[in-house]
Every structure is written in structure tokens, then in C-alpha cells.
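Structure assessment
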Amino acid sequence: MLKVGVLGAGHLGKIHLRLLQQSEKYELVGFYDEDQESGKKIEQEFGYKQFYTIATLIRAVDVIDIVTPTLSHYKCAKVAIKSGKHVFIEKPISNTVAEAEEIITLAKQHKVKGQVGHVERFNPAFLATKDMIENPMFIETHRLAEFNPRGTDVPVVLDLMIHDIDAILSVVDSKVKNINASGVSVISDTPDIANARIEFENGCVANLTASRISMKNMRKSRFFQKDAYISVDFLEKICEVVKMKDAPEIPGDFDMILQNAEGVKKQIYFDNPEVRQNNAILDELETFAHAINTNTSPIVTLEQGAEALRVAQQIIDCFKK
């Protein structure tokens, strides 16, 4: 079992601690949090061992799980990697693209593995449909959340939209050609609502909307491709796949048939795959352990995390124009 330590014991850090404690892939050694008084309460309540310096925790483990605020990801990752430890970094990988690139360089130099916590890659509805998403040409995403002060230290693009950016980049096999975006600050110092249009070299267009001051929560993505429409509800963990094929010569009584202006008939049918429920956070952590143990590439690499951040930063830069 890999010995693991957690940096950051806030809301998400506590979830990571609980899951790592349950995992059969890891031995949870302990955690470090800047708020030592809060750390004492966590230690007393849950029994996780508190470390009082980052250095002592790093020395005691094989893997460091970084669940601190985004601004400190780079600093924490740098220290851990230079100590020869594998790093799991919660999304976004870092605060700037330059920091992300240095993390990648350091990981290669010190021959350690890294994974970025883009948890929606492990969402069961996305896993069920990902292999069906083939050369999508239009993508529409809506990620809306009710206001929560946690996370407002960064723009909504880095807080919420980056989930959809990463998912889109994982299914569109083409480079980004052009980005247009707008954002509005309503209650925070940084934009709370944002819309972005990403154009890819192969002609695919993605339209992304994110808000953290919505009246309701929504996390939906829709993928349109030749002869298919795929809807993924990341929140409800359900999906819908609608496909078209050439209509039979003699349709059945209940067949859904469409005929275009040229007289071509198509049959509409549903091909909804089974959604196998899982714990996405546990899965991302355990697949990272598998990558370390088998010396294979993590599912969400540091390079992919950096690319998602690069696109997110380009979107944020559009706000300043």
C-alpha cells in the first residue's frame, strides 16, 4: 500500500481524508493544515494524525494529496516533487500556466507521477457515454451553482467552468483555434457568471456557461455529432443518447421516422448505456495509485491539467479586452 498524506483539511480535504482512510490502495499517514486549531479538532473527532509542518508529513509518505487553496498548489507541489513524492493536485493544477509548466518539468526531472483532480472525468454518466462521443461538432455546457462563499477567491472559470473545459478537451481531438468570452462580477471581486465560445481547428464549437449565483444547481453537457445527440447530467448522474439510422423499408408501428426535404428517411432510436454508480473522488484517487504501482500514465495527467488551465486563462483574458 502506498503511504499518503493530505495537505489541506478544509471541506474537500476532509472528504479526501475519509476516502483515503477507507481505500485499500493507500495507507493514510496523516494530514497538515495551516489552521492548527481546526486540525486538532479534526484529529480528535476522526482520529487522523495531524502533522505540524509540511516537511515532516512529506518525509513520512510516498504520495502527497494537495487539497489546499489554488494559490498554494504550486508551492506545495514543488516541495513534494523535489522530495521525490508523487503528487495528486486538486483542480485547477495551479494559479498560473507558468506554475503548471514548472510542476510538469519538476515531475519529469524527479521521475514522479502527478494527477490533477478533474473529478468529472470519473462521473459515472460521463464514463457511460464517453466512448459514444465521436467527433462532436457542437457542444453546449451549463454549470450553474447557488452562491457559496467557498471558492470565490478565484473567477468562476477556475472554480466551475474548468470542469467542463477539461471534459471537452478530453473528447475533442483537435487544437483550440479561437476563444471568445464574457464575464460579469455580481457579488465577488472576480466574475461570478461567464460564457465562453471555443472554436477548434476541426470545426467543432463549444459553448460554455458557468454561474455561481444561480437560483438552482445544474451541471449538464450536450454533445451533437453526426447521427447522434448525447446528453450528460453530471449532477443527477444520468445520460441520454439519441441516435439516427437509415429507416427500414417497412417501419414498425412504434418506430420514430423523420423525413428530410430530399425525401431521405431516418429512424430515431435511444441507445442509453448503463450508468454504474461510483464514488468519483475515490475512483480518481485509486486510479492514481494504480498508475503509480504499474508505472502507467494517470487518467488526468499534469499536462492535461495544464492545458485545461491554459484554456481557462485564455477565457479569463477575454474579460479584460
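Everything discussed here concerns the structure shown above.
1. Details of the environment of Asn 279
Summarising the element assignment, Asn 279 is placed in the loop between β15 (265-270) and α8 (280-294). Here the alpha-carbon distance between Asn 279 and Phe 122, two residues 157 residues apart in the chain, equals 8.3 Å. Separated by 3.2 Å, the side chain of Asn 279 and the backbone nitrogen of Ile 281 make a polar contact. In terms of polar contacts, Asn 279 uses its side chain to reach the backbone amide nitrogen of Leu 282, at 3.1 Å.

2. Considerations on the environment of Ile 198
Secondary-structure assignment places Ile 198 in strand β9 (residues 193-200). Through-space distance from the C-alpha of Ile 198 to that of Val 311 is 9.0 Å; in sequence the pair is 113 residues apart.

3. Here's the deal with the packing of aromatic side chains
By the definition in use, this model includes five aromatic pairs. For the ring pair Phe 126 and Phe 234, a centre distance of 5.9 Å and an interplane angle of 35 degrees mean the geometry is tilted. Of this pair, Phe 126 sits in helix α6 (residues 124-129) while Phe 234 sits in the loop between β12 (228-233) and β13 (238-246), and the two are 108 residues apart along the sequence. For the pair Phe 126 and Phe 234, one class covers both residues: buried. If you follow Arg 143 out to its NZ or CZ, it ends over the ring of Phe 234, 5.5 Å from the centre.

4. So, the pattern of salt bridges
For the structure on display, the rule yields 14 salt bridges. The shortest N-O distance in the salt bridge between Arg 219 and Glu 120 comes to 3.2 Å. Here Arg 219, found in strand β11 (residues 218-225), pairs with Glu 120, found in the loop between β6 (114-117) and α6; they are 99 residues apart in sequence, far enough to count as distant.

5. A few points about the side chain of Asp 164
Summarising the element assignment, Asp 164 is placed in helix α7 (residues 156-171). What makes Asp 164 buried here is its relative accessible area of 3%. At 2.9 Å, the side chain of Asp 164 forms a polar contact with the side chain of Arg 143. The contacts of Asp 164, once residues within four sequence positions are left out, are Thr 141, Arg 143, Leu 208, Ser 221 and Phe 234.

The rules behind each value
- Residues numbered from 1 in each chain as written.
- Predicted model: local features only at pLDDT ≥ 70, side-chain atom pairs only at ≥ 80, totals over all residues.
- Heavy atoms only, no water.
- Helix = DSSP H or I, 4+ residues; strand = E, 2+ residues; numbered from the N terminus.
- Polar contact = N/O pair within 3.5 Å; in protein donor to acceptor, adjacent residues only side chain to side chain.
- Phe/Tyr/Trp six-rings, centres within 6.5 Å; stacked < 30°, edge-to-face > 60°.
- Buried < 20%, exposed > 50% of the residue type's maximum accessible area, 1.4 Å probe, protein only.
- Lys NZ or Arg CZ within 6 Å of the ring centre and 35° of its normal.
- Salt bridge = Lys/Arg side-chain N within 4 Å of Asp/Glu carboxyl O.
- Contact = heavy atoms within 4.5 Å.

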